[in-house]
Amino acid sequence: MFLWLVEFADQLQVFNLFRYITFRAGAALFTSALIVFFFGPRMIDSLRVRQGKGQPIRADGPQTHLKKAGTPTMGGLMILVSVVISSLLWADLGNVYVVSCLAGHAGLRTDWVL
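To start, this report covers the structure provided alongside it. (Residues numbered from 1 in each chain as written. Predicted model: local features only at pLDDT ≥ 70, side-chain atom pairs only at ≥ 80, totals over all residues. Heavy atoms only, no water.)

## Concerning the packing of aromatic side chains
Next up, step 1: What the rule picks out here adds up to six aromatic pairs.
Next up, step 2: When the ring of Phe2 is compared with that of Trp90, the centres are 4.6 Å apart and the planes differ by 50°; the resulting orientation is tilted. Of this pair, Phe2 sits in the segment before α1 (21-51) while Trp90 is found in helix α2 (residues 76-90), placing the two residues 88 residues apart along the sequence.
Next up, step 3: Accessibility expressed as a relative area gives 29% for Phe2, which makes it partly exposed. (Phe/Tyr/Trp six-rings, centres within 6.5 Å; stacked < 30°, edge-to-face > 60°. Helix = DSSP H or I, 4+ residues; strand = E, 2+ residues; numbered from the N terminus. Buried < 20%, exposed > 50% of the residue type's maximum accessible area, 1.4 Å probe, protein only.)

Take a look at the structure:
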């Protein structure tokens, strides 16, 4: 989405940065980290409420694992959501490979793309 700002590069040179994939990758990383830092604790709390007891820990396992009791098992959902949102903001959505990767993250069939 932010890639469309390249069209304004003739008026302001700073928009020329959006042409570089390294800038967009760094900005996507930063955006993803901000999403996790701001919305992560709320998401973990809501997952903890929905899941109940959380991660089951066996009593015969290592004693260091007992402190993980109650941890929600869907923490990867937070990472997937932040990656998809930052990809939608910073990636070139006209690229077929970007669209197929995002569709793969969403669990959609991607055989129609290629």
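## As for the packing of α1 against α2
Next up, step 1: Between α1 and α2, the shortest axis-to-axis distance is 8 Å and the interhelical angle comes to 140°. Judged by the inter-axis angle, α1 sits oblique to α2. Classified by chirality, the crossing of α2 by α1 is right-handed. For the pair formed by α1 and α2, the contact residues are Phe23, Arg24, Ala27, Ala28, Thr31, Ser32, Ile35, Val36, Gly40, Met43 and Ile44 on the first element and Leu77, Met78, Ser82, Val83, Ile85, Ser86, Leu89 and Trp90 on the second. (Axes fitted to C-alpha atoms, helices over the stretch in contact; angles between N-to-C directions. Parallel < 35°, antiparallel > 145°, perpendicular 65-115°, else oblique. Left-handed = near helix turned anticlockwise from the far one by under 90°. Contact = heavy atoms within 4.5 Å.)

## Quick notes on α1
Helical periodicity: at 3.6 residues per turn, an α-helix aligns residues three or four positions apart in one direction.
Next up, step 1: Compared with an ideal rise of 1.5 Å per residue, which puts 31 residues at 45 Å, α1 spans 39 Å between its outermost C-alpha atoms and falls more than 12% short.
Next up, step 2: Of all bends in α1, the biggest is about 50°, found at Phe39, and the proline Pro41 comes one to four residues later.
Next up, step 3: Among all positions in α1, only Arg24, Ala27, Ala28, Thr31, Ser32, Ile35, Gly40 and Leu47 are buried.
Next up, step 4: Its buried side turned inward, α1 meets α2. (Expected span 1.5 Å × (residues − 1). Bend = angle between axes of the 7 residues up to and from the residue.)

## Remarks on a nonpolar patch on the surface
Next up, step 1: Where nonpolar side chains cluster on the molecular surface, the patch consists of Leu12, Val14, Leu17 and Tyr20 and spans about 380 Å² of accessible area.
Next up, step 2: With relative accessibility at 47%, the residue Val14 sits in the partly exposed group. (Patch = residues over 30% accessible without salt bridge, like charges linked within 9 Å, V, L, I, M, F, W, Y side chains within 5 Å. Areas by Shrake-Rupley, 256 points an atom, 1.4 Å probe, with all protein chains shown as cover. Salt bridge = Lys/Arg side-chain N within 4 Å of Asp/Glu carboxyl O.)

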